[in-house]
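# Topology and contacts: notes
Now for the letters of each chain:
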Amino acid sequence: MQALALSSFEEDPAVIEVDAPSPGHGEVLVRVAAASINAYDTFVAAGAMRDYADYTFPVVLGGDLAGTVEALGEGVEAFSIGDRVFGMTGKAVGGGSFGELSTPRAGAILATPEGLADLDAGSLAVAGTTAVSAIEAIAPHEEARVLVLGATGGVGSFAVQLARHRGAYVIASVRPGDEGFVADLGAAETVDYTGDLAAAIRERYPDGVDAVVDAVSPDPSAFGAVAILVRAGGWLVSTRGAAGKSTTIGAVQTFNANGNPAHLGMLAGLVLHGDIRVPVRRTYPLAEASEALEAFSREHTVGKLVITMRR
């Protein structure tokens with residue numbers, strides 16, 4: 001089959017011919033229709049996970065997916081051949097979804113509800129469930145002031161909508177020109193991250209905001225510096241693991257939000273009811289998947305970039 005894969009640590013990912021996978025115990029063989037790109041895919045492609053997971057080349061990239069079941073692995077009873085499904089692969093490295101076929105773990109996918117298009121379904125899992133985990137952690141009350149850093153990206157764009165759906169007053173960090181995008185998602189206010197964002201927030205909210213969802217800070221040091229923007233007793237949540245093992249920074253509570261397949265059904269329901277939307281910004285055919293990954297890595301990403309597998 002054709003897939004976007006990493007052949008070695010010295011080569012860039014490319015669309016190549018690889019062996020079609022077979023489902024192992026607890027896995028489902030899915031013919032992929034659509035799969036969106038997430039930041040984690042770029043980490044795997046760069047070899048950044050080599051100290052934490054095995055790379056067995058060629059490594060097919062991709063974590064999100066939507067498609068149709070073609071075969072069931074041993075022990076799988078929740079699905080039938082022909083079922084439409086969506087979710088995530090449930091794998092750290094390899095067995096990815098940027099190919100014609102993928103073998104996600106059965107526990108990481110769900111039946112696709114009628115009315116949910118593959119393009120949207122294939123963009124929900126990783127970013128959407130991470131955002132749900134973040135918003136559930138901060139549990140914003142009505143009119144709580146929630147600052148979303150990285151609001152135009154995949155996780156951030158879902159976090160803006162989910163916080164607003166809970167009744168929060170959402171402040172979104174943007175660069176000039178992107179204000180309309182986040183306003184359409186429900187942001188009540190924006191702050192320019194190309195300037196002194198911290199000074200701007202401290203001027204507007206001298207006592208601090210109620211919570212920050214940080215989809216930007218790459219490490220504990222940068223993450224810790226954001227704590228000055230949060231009121232005492234408030235929440236600072238990382239969607240990039242930057243909280244490390246800490247649970248507090250001074251009087252601010254901290255948390256690492258991760259993707260969780262348990263949130264898939266709720267997310268799909270919100271989309272179907274029009275409470276949130278999947279901000280698909282651009283689609284690429286599988287043949288152009290390497291260009292899609294490069295665009296995600298090097299360009300200012302607004303919304304979701306999605307690879308479609310049908311020729």
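Residues numbered from 1 in each chain as written. Predicted model: local features only at pLDDT ≥ 70, side-chain atom pairs only at ≥ 80, totals over all residues. Heavy atoms only, no water.

## Here we look at the pattern of salt bridges
Summed over all chains, the structure comprises seven salt bridges. Two residues, Arg-145 and Asp-210, come together in a salt bridge whose shortest N-O distance is 3.5 Å. Placement of Arg-145 in strand 9 (residues 145–149) and of Asp-210 in strand 12 (residues 209–214) is noted, with a sequence separation of 65 residues between them. Residue Arg-145 is classed as partly exposed on the basis of its relative accessible area, which comes to 25%. Since its relative accessible area comes to 12%, Asp-210 is described here as buried. One salt bridge in this structure joins Glu-189 and Arg-204, with 2.6 Å as the shortest N-O distance. Of this pair, Glu-189 sits in strand 11 (residues 189–192) while Arg-204 sits in helix 6 (residues 197–204), and the two are 15 residues apart along the sequence. Taking relative accessible area as the criterion, Glu-189 reaches 15% and is therefore assigned buried. The partly exposed category is assigned to Arg-204, whose relative accessible area is 36%. Salt bridges sharing partners connect three or more residues here, namely Arg-145, Asp-210 and Arg-231. (Salt bridge = Lys/Arg side-chain N within 4 Å of Asp/Glu carboxyl O. Helix = DSSP H or I, 4+ residues; strand = E, 2+ residues; numbered from the N terminus. Buried < 20%, exposed > 50% of the residue type's maximum accessible area, 1.4 Å probe, protein only.)

## A few points about the sheet that holds strand 9
With respect to topology, seven strands assemble into an open sheet ordered 11-10-9-12-13-15-14, the strand pairing being mixed. Since the sheet does not close on itself, it has two edges, and those belong to strand 11 and strand 14 (248–249), each with one partner. As paired elements, strand 14 and strand 15 (residues 252–256) share two bridges and run antiparallel to each other. Bridge pairing in strand 15 places Thr-248 opposite Gln-253. Where helix 6 meets the sheet, it contacts strand 9, strand 10 (169–174), strand 11 and strand 12, and its direction lies at approximately 140° from that of strand 11. (Pairing = 2+ DSSP bridges. Contact = heavy atoms within 4.5 Å. Axes fitted to C-alpha atoms, helices over the stretch in contact; angles between N-to-C directions.)

## Here we look at the sheet that holds strand 2 (residues 14–17)
The strands that make up a sheet are held in pairs by hydrogen bonds between backbone atoms, and each pair lies either parallel or antiparallel. Strand order in the open sheet made by the three strands is 2-1-4, with antiparallel pairing throughout. The sheet is open, and its two borders are formed by strand 2 and strand 4 (59–60), each paired with just one other strand. Examined bridge by bridge, strand 1 (residues 2–6) and strand 2 share four bridges and lie antiparallel to one another. From the neighbouring strand, Gln-2 faces strand 2, where its bridge partner is Glu-17.

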